[in-house]
Structures are given as structure tokens and as C-alpha cells.
Amino acid sequence: RQPLMPTSPTARSSSAAARKKPRLDPLGCFWPLWSECVPLTSGRDKGIDWGALGVNVAAGLIMGVRESLGGIVSASLLFSSSTNVEISSMLQFGISMTLYTMSVGVIWYAVFGRLQYGYGTQQDLICILQAQLASKAAMLLRKDVEKIPATVFAIICFSSMLTGLVSIVVGKLAWATSMLMIPKPVVSGFLGAIGVVVLQAALKTSSGVPFHHFWPDIGLSAFCESQDRLLQVGCMLLHFICIQKGPDLCHVLLRTGKYPNRKDAVKKYAGLVCQLAPLFIFYSVVFGAGLQMEDLAAHGWTYPKKGSSGPLTIWTSYSFAEVDFEVVRKVLFSMDIVALVAMAILCTMLGALAITGRYPTGPSGDPQPDDPLDFNAELITVGAASLFLGCTGGNLVFHKFSVIQLREDGGTHRVAVLTIALVAGNLFVFGCPIGAYVPKWFLGGLFMNTGWSFLRKTLLSYQTLTTFNWRGLHLVSPQYGISTCCVVMALYFSPTTSIMAGLCLSILLFVLDGMTTSPLSSVVDGQHVVSRTKRPWWEMNVLAAEGDRIRLLYLQGQLFFGSMLQLTANLEAAAADSRIEFVILSYGRVPFIDPSAAENIKLAQDKMTKFGCHVIHCRMNEQVFGTLTAAGAVRRPSEDLLKRIETLGWRVQGVKPAGLPSTQVEHPDAFFHETDCLDYCNEYVVQNFSYDVAVPTLPLEPYMREYRAVIRNEMPRLSENAFERMNDLPAGVLKQLRQFCEVRLDEPPGRNLSDELPNMSRAMCFIFKGALSLVKIVPMVEKPDKLDTHAFSFRRGKRLLSRYPPGHVAGIEMFFKFHKQRIDEDLQPKLIVSSLLGPPAEIWILRYDGWQEIPGWKQMPDGLKGYLARMLCVQFADTLKHANLKER
């Protein structure tokens, strides 16, 4: 975070406070500014705004109570949801550890975090996963039960350190956003699976009997024999109903529809009141009946009271000698810990996304309110807190959605966050045995509310998915099946197994979608597409008659084994047509191809070759070219392609250059652009169906054969007579035109005529030898790596629009400019001498206003203008036709 410059459009004032030097430079942590800590007045004195300060403290107190209550729930999920007695006996210890984790985690983010109203604490989701780790450790230590508590504590600490370390590494490598690529149905299904586990934990916590598939292990008849069990389950269900329906009832009783000013207060506090009201009612009945806390504990309504636990309990309860490090190693090197770390990082990202999505700008006091949140820095900050807590006996922390509620309540500065830490810290220091005063049914009700919210979101996730039509029925997306499968798997297996099943199903569904999704974006035959090189009218007529022997296929997306079904079907259909001689595959929109897909293309290519159909590849990036070369699909690239990839430094193995069209034995199988492929194929078709046949498609006149001889370097240049015949000009017109033109001989390839010659903004070029290319210069972005799609780009910054061979006129688009419109010369296409068609070039340049002693169009007699105007109209029409047909 750097200070905003005074000239920045997002800076609020030129005197904005500057950031101080980072305290921990490797972690990117910053000291907070005073304006972030407490709300200040808007005057020149910048004193403390005591009214806003009171609102922040009150919001922090309310949120501190909520988070402390949530911490009890988290500890209960971790320790009391297990069927192991040794783990359940750790509840009071777990509450102390949770309060310590909450206070330290909140203080850490208040000091080093970017969001001045944000904080990090532990969440129920991670506690549930850690409960699975604890159960696995208890299973491994079933013959040595006295080591279970210390070993479970060590597993929690080591998992926190591991998660913190991985979070820091992921943040430093800038991989934070990659964690958001986990498919949404998998995340939804995993939350649903967690919901199933929590619901069963709610039943077990309230009744004291383990449940399997929502059925008591001791049987229904034995379960109903205990009146205490039934009453506790009934209280839990009433508590759950109160939490779910209580806020709506409050709105009705307080008539918020008629009195809208009450709506915000009811919305903020009704949920908390409905959570705590059943507890107050219960104790009112208990104390009114004269019952003691010992009586409740004896009947299993509360956990046994083991005396007060001071703040040193979490460091003095267990020793290293009691830890079975072999069990710790086995648990930490399992798939469960992978799921734990991945979900912790994912929850951090989702929490940060939710917070910044709700509040995209910072509150008052933030020196950079419009700065986007750096997710990598957030992951590093939270990871460092988890690493520190793991080393000191705490649990891992990350962002929570309750941060949004804190800001809505008025907690906009770090003083509100520190107040939350003060509430949790006081409870930790004084060590009140909360577990002995909170009834089990109350914890079960909170569990059930958490589990139902997770499960409900999963079951209703189909509402955010699209539908598809199957035989007239509108069915929900198959993605929904992944979520429901995870829920079903959670009934029989662990949450980690369910998320792995969801990932496998996502991969399977991706492969199936790839098999049904066509990798072809479009298919065009040679009668409807030509290269960007212009051709005379008689050759265009030949291509119109015989161009269907060429077929151009545009490929798209990543090509892998599952997406090749439709492509190979199209290739085999092309091979079945006896007229098709060339199939061009364009990889311009293919960033990646796997070896199996390249092998399938090679097999289809070999089959097509037997039927006389040749496959040509073009617009390949380095990965695609290397994979096709390794598979043997590319063996004879063109010489021009080899020169270009050698310039780029690509590795080329097992390939040899192909010959020219007139001397080749085998056709080239790779070019670097579609227009080069079409140039080769069009040349082949024109040569074989016009010039090399006894009875060509159209009778050939001498000037046509002269043009062909110039193109093939069999004659030095195109004569004036042939130029006139090609453009239907009377004989002698070019002789009259020569005195108005600058005749340039032997122009080398690559020369930019538009920039290197004077007065070229309104000039026409008559070409007698070689060729001119009309090239558009494309501005390059400053950081192309941010926009790089790994697709084809041989000519960075340049785009060929058209190539003009002998007998054509280039530059007529801007020659006639009668309006006084302002034109940026840098945005206009450039005329550059081409390296193809027999350079160097001979060009006659006709300028509109003349240059030096050479007259121009304005000094030309009207008769000569008339002949040229007629020719230019024909050229315009030919250019328009070519623009509609040329490859894009």
C-alpha cells in the first residue's frame, strides 16, 4: 500500500497521510495510521469524533459477544461432537483455546491488516474438519487413550502452523486467486456435506447418543426410554425454530412494515435476541424450580464443572511427553489435512471477496479508500497470524462474513476491532467455565442452525444454475448433481471423501462437456474465403469454380482427448469428399493441446493422406507447435515458418523444410498464418486448373500468361501493355501517366514507403514488379503479459490487411479526400514492400498534389483523369469484393 499521489483521481485531498515504512517487510505488514484507528472530525484540527467513537465501541461490544458465543459453538463442534470421551472432556480447554485464538487473531489483523474494520477468527467449518482429524487420532490411539488429549492439541497446533505457512507461500507466489478456481458446485456440495455432519453432531450433542444416518446407534426404543434425552432434543428443536422464525415474528410484533424506522434495529438485534432468549427462559424455569447446576450436570444437561481455568491453562494442561508424534505425522500426511488447508485458503479468499463486494470502498479515515484489495497480501497477513497462533497454542484464523455486520452496525475503525479482542480477551483471562453453564441442547440448537444453513444453501443451489431441455423437459444443470452427490457421500463417508468425490465428478463432467462441445468455431470452403493477397479477375474466377477443393477449419479452446470426437468426425467427412484436396487447421484460438489430441489429429491426418487430402496447420503457438511436432503431425513446415520460429527461439526437432509449389514432392504441412496457407493452396489450384491444363477453365490471353511469368520470377517485370490490358485501359495511357509519377526501381523488401517517402498521405502506387503490403500498425500495451492469452502472435504490433501483386494499384483508399476531416497519420495503414512475389519492387507513385518538379493528379489533363478514374472505380469494386472474401 503506497500513499496516493496528489494528482491521483482517487485521492481525496493533496494532504492525505502517507504510509509509513513496513514494519515486517517480508510479510508486507504496515503500522496502522491514527486516522484508521479512531474516527476523526472533518475540521482542520482533526480531533476525535467522540460520537462516532462511541458507535464504534458499541458495535465492537455487540460483535464481541456474538463472536464469543460463536467461539463456544466452534469449540463444541471440535470437541463435543466426537463420540470419544477423552476428546469431549477437552471442551472447557477448547473454549479457552478458542477465546485465546479469537483475541490474538483479532488483534493481529487490527495491527497489520489492510481493512481497518476487518478481523480474522476461527470458523465452524474448519473446526468440523479438525474434529475429523481428532477422531482419526483417537482411533489410532484407542489402545493408549491417555495420550489422546495432548495428541489432539498437537494436531490442532501443527495444522494451524502448516496452514499458515502454506498461506504465506501461496500469497508470496501470487497464487491466491487461483484458489477461487475450485468449481462452485464442489464448494457448495462440500458445505452441504459439512451441514450433514453438523446436523448429526447437533443430535449427538443434545442427546448424548451418537447418530448414524440420522438414526440413534442404540435404537429408537432405547433412545426414547430416557426422558432427559427426549426433553433435551425437544428443547434443541424449539431453540432451532426460535432462531429460524423468531426474527420474522419480531418484525410482525413490532410492526416494522408500518414503522420503517424500527426495521434496521430489528434486523440487527433480533437474531441475537432469538439466540439468547431460550437460554434465559430455561434458566428462569430452572432457578424458579429450585434446581442446582449440579443436578443439571448429573442428568446430562450440562458438562461437568471442573473448576475455573486460568489463562495459563492452554500452556500447562499438556506436555510434549504426552504427545504421540507418530500419530501426529500420520494425520498430518493424509488427504484430510490437504482438504483442511485448501478450505482454509478458500474461505479466506471468499471472505475477502464478500467483504469487498459489499463495501468496495473504504470508510472515512482510509488513506486509500478506492484501492482494490490485494488478496495475496490478505492471505499473507492471515497466514502469519495462523502461524503465530499455531506456535503459541492457538488455532488457525481467517476472514469471516461477520465483518460485514460489524461495519453495518457502525464499526468502521480499528477501535471497534480492538473492542472485540477486549471482550474475548477478558473471557479468556478470567477463565469462566462456560461449558458448565451452557446446556447441551443450547449448543445443539446452534449446531442445527449452522448445519441447516449449510445444507439449505446446497439444496437450493439449483436456483442459481441454468436448465437444459431434454425431450421437452426442463431439467436442472448436471452441476447440481455434484452438490447433491457430495451430500449423499457425507452420509456414509467423511467430508474429505465427499469433496474428493465432487472433484472427480467435476473432472468427469468437464470431460463429457468437452466431448459434446465442438472445438470448431467455423468451417469455410475455398469458394468463400481467399488469402489476403489480391488476384486478377481471371484467377478469382478459377477459385470461384474450383475453390471448394480447399476447406478452412477454425479451432478454438484447449484441445484434449475428450474434445477431439467432433474434430476427427469433420476431418473424416472431409476425407470422404473426393473434391477436397486441402484441409487447413487454424490454431489461432487454441492456447493448449495435449499429446492425446495431437495423436488423434495425426491418425486422422494419415487416413486423409491416403485419400489424397492434405492437412495443413497454421497459427500455432510454441506449445501447440511442439506438441504437434512431437506427435509427427507436423514434419514439413514451410521455410518461412522455420525462419520465424528460429528467430523466436523455439525448439524444432524432427522437421525439415518443404519445397516450393512448382518443385515439391510433398506439400508443406505447416505455415504461420491462414493467409499463407491460402496463398499456397490458391496458387496450387490456379496453377493446376488454369495455367497447366490444355483446356483451362477460362481461355488465357498473352497478358495473363505474362502476369503469371512475372509472379513466378520468369520475367523481370510486368510490361505497360500487360498492365493496361489487365485494367482495361487504352493502349498508351501509362506512357502518358509516367511523367506524373515518381518511378522507383529496386525497392528492397521491408521498406516502409508511407513513412520513408515524402507526401505519401495522398498517393497511389502502380505496381509493375514485386508486391506491396498494406499493414496496420497495432499499438502494443505496456504490460502485454497481463493480457497474454498464449495464443498465436508472430507479428506483434502488425496486421496484414492486403497484399498487392503486379498489375494492381495500392493506396487508393486515402487518395481522394475531399472533406476536411482530421486524420491521425499514425492510425493509417502503411504501405510496405513485401518480401514475397519476387522483390525488389518497381513502383510508380502518383501523388495528388505533386512533389518537387513532378506534377500530380491536380495538374493532370481531364482526359487522362477520366481513364484513370474509370480504372480506379473498377479497382474499388475489386477491393470490396476481395474484402468480403479474404481471410480475417
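Look up a bit, the structure's there.
Cut-offs and rules
- Residues numbered from 1 in each chain as written.
- Predicted model: local features only at pLDDT ≥ 70, side-chain atom pairs only at ≥ 80, totals over all residues.
- Heavy atoms only, no water.
- Helix = DSSP H or I, 4+ residues; strand = E, 2+ residues; numbered from the N terminus.
- Contact = heavy atoms within 4.5 Å.
- Areas by Shrake-Rupley, 256 points an atom, 1.4 Å probe, with all protein chains shown as cover.
- Pairing = 2+ DSSP bridges.
- Axes fitted to C-alpha atoms, helices over the stretch in contact; angles between N-to-C directions.
- Buried < 20%, exposed > 50% of the residue type's maximum accessible area, 1.4 Å probe, protein only.
- Right-handed = clockwise from strand over helix to strand, strands pointing away.
- Expected span 1.5 Å × (residues − 1).

A. A look at the overall build of the chain. When helices and strands are counted, the chain shows 31 helices and 17 strands. The contacts in the chain between residues at least 6 apart in sequence include a share of 78% that link residues at least 24 apart. About 41400 Å² of surface is accessible on the chain, with carbon and sulfur atoms providing 60% of the total.

B. Highlighting the sheet that holds strand β13 (residues 772-777). Taken in spatial order, the three strands line up as β14-β13-β16 in an open sheet, and their pairing is antiparallel. Either end of the sheet is taken by a strand with one partner, and the two such strands are β14 (798-804) and β16 (830-833). Taking the axes of each pair of neighbouring strands and ignoring which way they run, one obtains an average angle of 35° across the sheet. Across four bridges, β13 lies against β16 in antiparallel orientation. When the bridges of β16 are listed, Leu-772 appears paired with Val-833.

C. Quick peek at unusual backbone geometry. Cis geometry is adopted by the peptide bond preceding Pro-840, which originates at Pro-839 and carries an omega value of 0°. Following the sequence through the fold, Pro-840 ends up in the loop between β16 and β17 (841-847). Of note, Asp-728 is a non-glycine position whose phi angle comes to about 55°, a positive value. As for its placement among the helices and strands, Asp-728 is situated in the loop between α28 (720-726) and α29 (733-737). Positive phi values are uncommon outside glycine, yet Gln-852 reaches one of about 50°. Secondary-structure assignment places Gln-852 in the loop between β17 and α31 (862-885). Residue classification places Gln-852 among the exposed residues on the basis of a relative accessible area of 69%.

D. Highlighting the sheet that holds strand β7 (residues 520-525). Taken in spatial order, the four strands line up as β7-β8-β9-β10 in an open sheet, and their pairing is mixed. Taken across any chain shown, the strands that pair with only one partner, and hence form the sheet edges, are β7 and β10 (614-618). Neighbour to neighbour, the strand axes of the sheet diverge by 20° on average, direction disregarded. In this structure, β7 lies alongside strand β8 (residues 550-556), joined through five bridges in antiparallel fashion. By the bridge assignment for β8, Leu-520 is matched with Leu-555. Together, β9 (582-589) and β10 form the strand contacts of helix α23 (residues 595-610), whose direction differs from that of β10 by roughly 140°. Its contacts with the sheet put helix α26 (residues 674-691) on β8, β9 and β10, and the angle it makes with β9 is roughly 170°.

E. Structural context of helix α27 (residues 702-711). Burial within α27 is extensive, with eight of its 10 residues counted as buried. Among the residues making up α27, those that are buried are Tyr-703, Met-704, Glu-706, Tyr-707, Arg-708, Ala-709, Val-710 and Ile-711. Those residues of α27 hidden inside the fold are in contact with α21 (537-546), α26, α28 and β12 (763-769). Phi for Asn-713, located one or two positions after α27, is positive at around 60°.

F. The arrangement of the pairing of β10 in detail. Taken across its five residues, β10 has four buried, putting it largely inside the fold. For β9 and β10, the ladder comprises five bridges, and the chain directions are parallel. Bridging across to β10, Phe-582 finds its partner in His-614. Read from β9 through α23 to β10, the crossover connection turns out right-handed.

G. Quick look at α26. Spanning 18 residues, α26 covers 24 Å between terminal C-alpha atoms, matching the ideal 26 Å at 1.5 Å per step. Buried residues dominate α26, accounting for 17 of its 18 residues.

H. Structural detail: the environment of Asn-376. With respect to the secondary-structure elements, Asn-376 resides in helix α15 (residues 375-391). Taking the C-alpha atoms as reference points, Asn-376 and Ala-174, separated by 202 residues in sequence, lie 5.7 Å from one another. Those residues in contact with Asn-376, other than ones at most four positions away along the chain, are Val-170, Gly-171, Ala-174, Trp-175 and Ala-176.

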